[in-house]
Amino acid sequence: MPLSSTTRLLPPTYRPLFAHVGFRRLLPALAASDLGDGMSVVAVAWLAVVIAPPGQSGLVVGAAVAAYALPGAAGALVFGRWLRRLAPRRLLAADSWLRAVLLGCVPLAWAAGVLHPVVYVVLLAGSSVLHAWGGAGKYALLSQMLPPDQRLAANALVSSSSSASVIVGPALAGFLAAVVSPAWIIGLDAMSFAILAVQVGRVGGVTKEVVAAAPVDTGGSVAGLHLLRRQPELLGVLALTWFFNFLYGPVEVALPLHVTDDLHSGASLLGLYWTLFGVGAVLGGLTAGALSKLPLWPVTLGIVAGWGLMLVPFGLGVSAGISLACFALGGMIYGPFTALSFTLFQDRTPAAWLTTVLAVRGAALLTASPVGTALGGPLSAAVGPRQVLAASGIATITLAVVAAGVRTWGKRRAGAVSAGYWTR
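Every chain is numbered independently, its residues counted from 1 as its sequence is written. Given that the model is predicted, a residue must reach a pLDDT of at least 70 before its local features are reported, and side-chain atom pairs must reach 80 or more before they are shown or counted; all residues, however, enter totals for whole chains, interfaces and linings. To get the side-chain values, take all heavy atoms of the structure and skip hydrogens and water.

## Some words on the nonpolar core
Alright, step 1. Take the buried residues of types Ala, Val, Leu, Ile, Met, Phe, Trp, Tyr and Cys, join any two whose side-chain atoms come within 4.5 Å, and each joined set is a nonpolar core. Categorising residues by exposure relies on relative accessible area from a 1.4 Å probe, with only protein chains included: less than 20% of the type maximum marks a residue as buried, more than 50% marks it as exposed, and the intermediate range marks it as partly exposed. Ranked by size, the top nonpolar core spans 76 residues in total, and within it Leu17, Phe23, Leu26, Leu196, Tyr273, Phe327 and Leu358 carry the most contacts.
Alright, step 2. It is helix H12 (residues 232-262) that provides the largest number of residues to this core, a total of twelve residues.
Alright, step 3. Any two residues having at least one pair of non-hydrogen atoms within 4.5 Å are treated as being in contact. Discounting residues that sit within four places of it in the chain, leucine 26 has contacts with Leu92, Leu141, Leu142, Met145, Leu196, Val200 and Val203.
Alright, step 4. Residues Ala52, Tyr68, Leu115 and Ala173 belong to the second largest nonpolar core, which totals 25 residues. Numbering of helices and strands runs from the N terminus; a helix is a DSSP stretch of H or I covering at least four residues, while a strand is a stretch of E covering at least two.

## Here we look at helix H18 (residues 368-383)
In an α-helix, one turn spans 3.6 residues; hence positions three or four apart end up facing the same way.
Alright, step 1. Each residue after the first adds 1.5 Å to the expected span of a helix. The end-to-end C-alpha distance of H18, which contains 16 residues, comes to 22 Å, matching closely the 22 Å that a straight helix rising 1.5 Å per residue would cover.
Alright, step 2. Its maximal kink placed at glycine 376, H18 deviates by approximately 25 degrees, while the proline proline 378 follows within four residues.
Alright, step 3. All of the buried residues along H18 are Ala368, Ser369, Gly372, Gly376 and Ser380.
Alright, step 4. Directly beyond the C-terminal end of H18, a positive phi value near 105 degrees is found at glycine 384. The angle separating two fitted axes, one through the seven residues that finish at a residue and one through the seven that start at it, defines the bend at that residue.

## Remarks on the environment of alanine 69
Alright, step 1. Mapped onto the elements, alanine 69 comes out in the loop between helix H3 (57-67) and helix H4 (71-78).
Alright, step 2. If sequence neighbours within four positions are ignored, alanine 69 has contacts with Ser128 and Leu366.

## Remarks on the confidence of the model for the chain
When pLDDT is low, close inspection of the predicted coordinates is not appropriate.
Alright, step 1. One confidence number per residue, pLDDT, is output by the predictor and ranges from 0 to 100. On average, residues of the chain score 81 in pLDDT, and 86% of them are at 70 or above.
Alright, step 2. Residue range residues 210-220 is modelled with pLDDT below 50. Its contacts to residues more than four positions away, or to other chains, number 32 contacts.

## Some details on unusual backbone geometry
Alright, step 1. In this structure, histidine 264 takes a positive phi of about 55 degrees despite not being glycine.
Alright, step 2. Inspection of the secondary structure puts histidine 264 in the loop between H12 and helix H13 (267-286).

## A closer look at helix H8 (residues 131-145)
Alright, step 1. Over its 15 residues, H8 runs 21 Å from end to end, which matches the ideal 21 Å to within 8%, given 1.5 Å per residue.
Alright, step 2. The element H8 is largely enclosed, with a buried count of twelve among its 15 residues.
Alright, step 3. All buried positions along H8 are accounted for by Ala132, Trp133, Gly134, Ala136, Gly137, Lys138, Tyr139, Ala140, Leu141, Leu142, Ser143 and Met145.

What follows is the structure, encoded as structure tokens:
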């Protein structure tokens, strides 16, 4: 089909994507839901503070934030037997409708004056139960929709949209909160998922559906784990991503403490760190499409090592200006990681198994960063936040070196027959 004038402004890597009707319909809806979730990062915690009984704000906020994310891991395990056979489009639609309905109940309950903290947490938890399956369906749908040589570019656009929402969403939520209750901001998040669900339904006519299959005597998640055990490369990607996220966790605790304790500054500087990181991640994510001709594994390992390298200067007592530049560059280096990781899974997983394997991946990764974050507090208290940031960087570089060594050992052990299995 002829390219529109808008499409011609895109880099050549991304132009072919918009020749696919389904992708053109899906991308704006995914961006809308990302923006809605970005706003809810602020609104979920803020509304918890508003409705919490006196003296219980911390408990309610913690429960609300956890309920908005963690039940997805349980849903991946509990519902695998029934959901693993659904087509990716149906999984994404089911997750979107569930989130739209239950999150939509939050402003209604608020308006009716019945939004008790327990009701709030239950609604948030219910809305996130299918989150791992919805994420799996999203990337499996992209895999069905596009030829293999266009998947990395598509993943890059989708992951960049998610990164951009972290920058724009909280700022927009802060602006809206001056006018309306945070409950209505969560209602906007619900509306964004309703838009996504409708658009996913429209994609059905232009996408070939592949129904997942697995041995009938195994649950979906167990079957997915069995497949990962038979696919050393996929297991390696999952392990690398888990430890990468785990080692990132302490940064979320140590960075605010570094700003206050070491730099003797306030929230504005902390916000600048994360804004620059987010901008870097968006720019870096958009470059992922240009990496399609490079071997994905070496590039992925280089990203892990590069992010770790950008954290090491924090331990050297550099100025705020230098550490800000390092953090922004770190975001740019990190940006392509998500797209590359999903592309490796899409390329190496049989189509009939893709949603099951991606759901297992999502469930496993939901535990990584929270565990690292939980360790960040005690470590920062013991050795200092600056040292924790540097140690996280050194450990991340070590992770990349160890992963490269394991990959090299695996290639030698497999021999010439399977040497191409680890490279693209």
